[in-house]
Amino acid sequence: MLSMNTTSALLTVLLLFISTRVVNYFKYAKQTGHLPGIRSLATPISVLGASFPTGRFNPGLNWQWRWRKHVYARYGTETISSLPYLFGAPAIYTSSLEVARQVVSTKGSFYKSPDITGITLVWGPNLFAANGEEWKRYRRIVTPAFANSTYTALWAETASVFDEMVAREGWATRSSVDIPNFNPLTNKLALILISTTGFGHPLSWDLKGTSASNEMSVGEALHIISHNLVLRLILPRWAYWLPIKKFRDLEKATRIHQEFMANIIRSRREEFSAGVAPKSDILSLMIQSAEKEGKLGMTDSELIGNTAILLFAGHDTAALTLNAALGLMALHPEFQEEMHQEVMMVMPTEADFTFVNSSKLSKVQACFLEASRIYPAGFMWIRDTAEDIVLENVGPHGDERVPIPKGTRIVVDSIGLHHNPRLFPEPEEFKPGRWYDAPENALSMFSVGPRACIGRRFAITEATCFLAKLVRDWKVDILARDGETRAQWEDKYMNGRAVTNFGIADMPVRLVRRA
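Thresholds applied
- The residue numbers shown here count from 1 along each chain, following its written sequence.
- Per-residue local features are limited, in this predicted model, to residues with pLDDT of at least 70; the limit for side-chain atom pairs, both in listing and counting, is 80 or more; totals at the level of whole chains, interfaces and linings are taken over all residues.
- Hydrogens and water are ignored here; the side-chain numbers use all heavy atoms of the structure.
- Within this scheme a cavity is a closed region of a 1 Å grid, computed over the protein atoms alone, that accommodates a 1.4 Å probe without allowing it to escape, whereas a pocket is open but has protein on both sides within 12 Å along at least five of seven lines; lining residues each have an atom within 4 Å of a point.
- Grid points are joined across faces, edges and corners, and a volume is the space filled by probe spheres set on the points.
- Helix and strand definitions follow DSSP, with helices as H or I runs of at least four residues and strands as E runs of at least two, each counted in order from the N terminus.
- When residues are sorted by character, Ala, Val, Leu, Ile, Met, Phe, Trp, Tyr, Cys and Pro go into the nonpolar class, Asp, Glu, Lys and Arg into the charged class, and all the rest, Gly among them, into the polar class.
- Pairing between strands is defined by DSSP: at least two bridges between them are needed.
- Residues enter patches when they are more than 30% accessible in relative terms and free of salt bridges; like-charged ones are connected within 9 Å and nonpolar ones (Val, Leu, Ile, Met, Phe, Trp, Tyr) within 5 Å.
- Per-residue and other accessible areas were derived by the Shrake-Rupley procedure at a 1.4 Å probe size, with only the shown protein chains allowed to occlude residues.
- Salt bridge, as used here: a side-chain nitrogen of Lys or Arg that lies within 4 Å of a carboxyl oxygen of Asp or Glu.
- Between buried and exposed lies partly exposed: a residue is buried under 20% and exposed over 50% of the maximum accessible area for its type, with that area taken using a 1.4 Å probe on protein chains only.
- Any helix carries an expected span of 1.5 Å times its number of residues minus one.
- What we call a nonpolar core is a set of buried Ala, Val, Leu, Ile, Met, Phe, Trp, Tyr and Cys residues that are connected through their side-chain atoms within 4.5 Å.
- A 3.5 Å cut-off defines polar contacts: any pair of N or O atoms within that distance qualifies, except that in protein one atom must be a possible hydrogen donor and the other a possible acceptor, and neighbouring residues in sequence count only when both atoms are side-chain atoms.
- When checking whether two residues touch, look at their non-hydrogen atoms; a contact exists if any pair is within 4.5 Å.

*Asks:* So what's going on with the layout of surface pockets? Which residues, and what values?
*Replies:* In this structure, the second largest pocket occupies an estimated 520 Å³ of space. If you go around the second largest pocket, you meet 21 residues; those closest to its centre are Asn187, Ser226, Asp316, Leu320 and Arg497. Those elements that provide at least two residues to the lining of the second largest pocket are helix H9 (183-199), helix H11 (229-234), helix H14 (300-331) and strand S12 (502-504). It is H14 that contributes the most residues to the lining of the second largest pocket, four residues altogether. Class assignment of the residues belonging to the lining of the second largest pocket gives a composition of eight nonpolar, ten polar and three charged.

Laid out in structure tokens, this is it:
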């Protein structure tokens with residue numbers, strides 16, 4: 001039995017813990033402007049809160065999707081707070097586009113905290129993690145690499161990889177193809193395109209290319225890293241010495257990738273110094289732009305960091321959204337038919353299948369954009385206040401101003417924003433027409449303001465080409481189990497899930513060749 005002294009000590013510790021939690025709760029309520037909202041044992045983006053699934057007593061990472069239809073309506077405002085009873089830091093969440101613009105676009109008042117972006121620095125300094133003048137320098141250097149020539153090359157490469165996929169997967173001679181999970185195909189496609197157009201390293205469909213070792217090709221290394229991003233970011237160094245094949249392979253893949261990038265950057269720098277015309281891949285154009293900056297250019301680690309973000313973040317978000325688009329096409333055959341008719345009218349022959357003509361594929365592009373709205377891959381835009389600020393456009397009518405102190409976390413809930421009925425009437429409905437002739441600054445799925453995703457046109461070009469190639473020759477239909485209805489299939493496979501990015505689960509479809 002415990003002694004009286006031990007019992008008293010434990011009670012004292014318990015009372016002290018409870019009292020500090022109570023004090024912190026009221027402090028957090030004041031810090032977040034006494035906004036109504038979610039109250040839970042642990043906040044959603046705390047380690048403890050994110051470790052458990054979304055449920056009645058824990059928001060978890062998936063609350064933004066699971067509760068999207070009612071959470072903001074329940075509290076009567078588009079901007080709410082999330083306060084913990086026990087663990088985690090407070091935060092403000094918003095589904096208001098006006099508040100989002102203030103948070104993301106206001107210079108100097110908000111910044112990306114290292115505890116959120118720090119995990120991306122494992123690859124090196126990069127545009128995503130940067131703030132202030134460093135971000136401006138990176139953006140200035142990276143922007144010229146995303147030019148029309150880049151998109152023209154991307155379009156041609158996407159068409160080529162699609163054709164190789166059809167041949168290598170054995171579809172060429174078949175009238176229909178059952179695919180139990182389309183995700184690995186879109187993932188591989190996006191990875192190959194980033195490797196080829198991102199840093200000029202062509203890969204075949206089996207991911208073979210120039211080998212960096214006798215045991216593992218660069219393509220295989222990229223594939224391993226891209227499928228183990230979270231593991232790579234959280235594993236301590238000593239774990240790679242354990243006799244676990246998956247860990248050893250990941251360590252080897254990372255080393256091969258780093259050696260490959262160092263070699264290719266050195267080679268491109270030497271070519272540029274010798275006056276050789278730069279290649280058309282993004283890395284080469286980025287090096288050319290950096291060299292013109294002189295002392296304000298990029299170091300090798302900065303070049304590696306920025307290309308790694310493009311590779312490992314960009315390919316995942318593109319693949320996730322393509323999966324969603326395919327699922328939505330399967331569920332809406334009438335619009336899929338409209339897409340087919342548009343492709344046949346704009347690009348009746350192979351010679352017409354060009355990037356120049358892609359701007360006329362409004363329905364195909366709109367399908368991808370609507371999938372991006374319903375399932376925004378970047379589901380949270382997180383900022384901390386760098387100074388005391390006044391948050392505008394909050395409250396039930398969007399006309400209140402709330403003082404917020406320095407050091408407060410504000411999260412733009414991209415799922416909530418893109419399911420906000422004020423901004424998108426009938427938000428649960430698939431309505432690609434919302435995006436016909438939409439200006440680029442209206443594509444809020446890629447964030448807003450000057451820090452909007454620099455790769456958005458890259459993603460749109462890749463997706464438009466892929467979907468156009470697919471819908472020209474194939475019909476996409478659901479692959480259902482015996483007795484499974486379309487509604488049941490939709491409930492099962494079109495449910496969003498959040499990890500590092502947001503998308504749908506493994507999705508089975510049937511492709512039927514068009515006559």
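There is more to say after this.
*Asks:* Quick rundown of empty space enclosed by the protein? Include the residues and the values.
*Replies:* Scanning the entire structure with this criterion turns up two cavities of 30 Å³ or more. If you add up the space inside the second largest cavity, you get close to 30 Å³. In terms of lining residues, the second largest cavity is bounded by Arg21, Asn24, Tyr25, Tyr28, Pro84, Tyr85 and Leu86. Elements represented by at least two residues in the lining of the second largest cavity include exactly helix H1 (4-31) and strand S2 (79-87). At four residues, the largest contribution of residues to the lining of the second largest cavity is made by H1. Residue classes in the lining of the second largest cavity are distributed as five nonpolar, one polar and one charged.

*Asks:* Which residues make up the sheet that holds strand S6 (residues 380-385), and what are the values?
*Replies:* Paired through their backbone hydrogen bonds, the strands of a sheet run either parallel or antiparallel. Reading across from one edge, S1-S2-S3-S9-S6-S4 is the order of the six strands in this open sheet, with mixed pairing throughout. Where the open sheet ends on each side, the last strands, each with one partner, are strand S1 (37-42) and strand S4 (110-111). Sheet analysis places S4 next to S6, joined by two bridges and oriented antiparallel. When the bridges of S6 are listed, tyrosine 111 appears paired with aspartate 384.

*Asks:* Would you mind going over a nonpolar patch on the surface in detail, with residue names and values included?
*Replies:* Judged by side-chain polarity, Leu11, Leu14, Phe17, Ile18, Val22, Phe26, Leu48, Phe52 and Phe87 come together as a nonpolar surface patch covering roughly 830 Å² of accessible area. Sort the elements by how many residues they give to the nonpolar patch and H1 lands first, with six residues. Considering the arrangement of structural elements, one finds leucine 11 in helix H1. What makes leucine 11 partly exposed here is its relative accessible area of 48%.

*Asks:* Can you break down H9 residue by residue, with the values?
*Replies:* Residue pairs three or four apart in sequence face the same way in an α-helix, which turns once every 3.6 residues. With 17 residues, H9 extends 24 Å from end C-alpha to end C-alpha; this agrees with the ideal 24 Å at 1.5 Å per step. By the criterion of burial, H9 is predominantly enclosed, with 16 of the 17 residues buried. Two residues or fewer after H9 comes glycine 200, characterised by a positive phi angle close to 65°.

*Asks:* Let's hear about the environment of alanine 438: which residues, and what values?
*Replies:* Within the fold, alanine 438 resides in the loop between helix H18 (414-418) and helix H19 (456-473). The exposure class of alanine 438 is partly exposed, given its relative accessible area of 26%. Taking the C-alpha atoms as reference, alanine 438 lies 17 Å from proline 376; in sequence the two are 62 residues apart.

*Asks:* Any details on the nonpolar core? Residues and values, ideally.
*Replies:* Taken as a class, soluble globular proteins show a tendency for nonpolar side chains to be buried jointly. Core analysis: the biggest nonpolar cluster contains 135 residues, and Trp171, Phe182 and Phe466 have the highest contact counts within it. The greatest single-element share of this core, amounting to 14 residues, is contributed by H14. Ranked by size, the runner-up nonpolar core spans ten residues in total, among them Ile38, Val71, Ala91 and Val411.

*Asks:* Account for the side chain of threonine 408, with residues named and values stated.
*Replies:* Along the polypeptide, threonine 408 turns up in the loop between strand S8 (400-404) and strand S9 (409-413). The class for threonine 408 is buried, based on a relative accessible area of 0%. Reaching out from threonine 408, the side chain makes a polar contact with the side chain of glutamine 31 at a distance of 3.1 Å. Look past the residues within four positions of threonine 408 in its chain and what remains in contact with it is Gln31, Thr32, Ile92, Arg383, Asp384 and Thr385.

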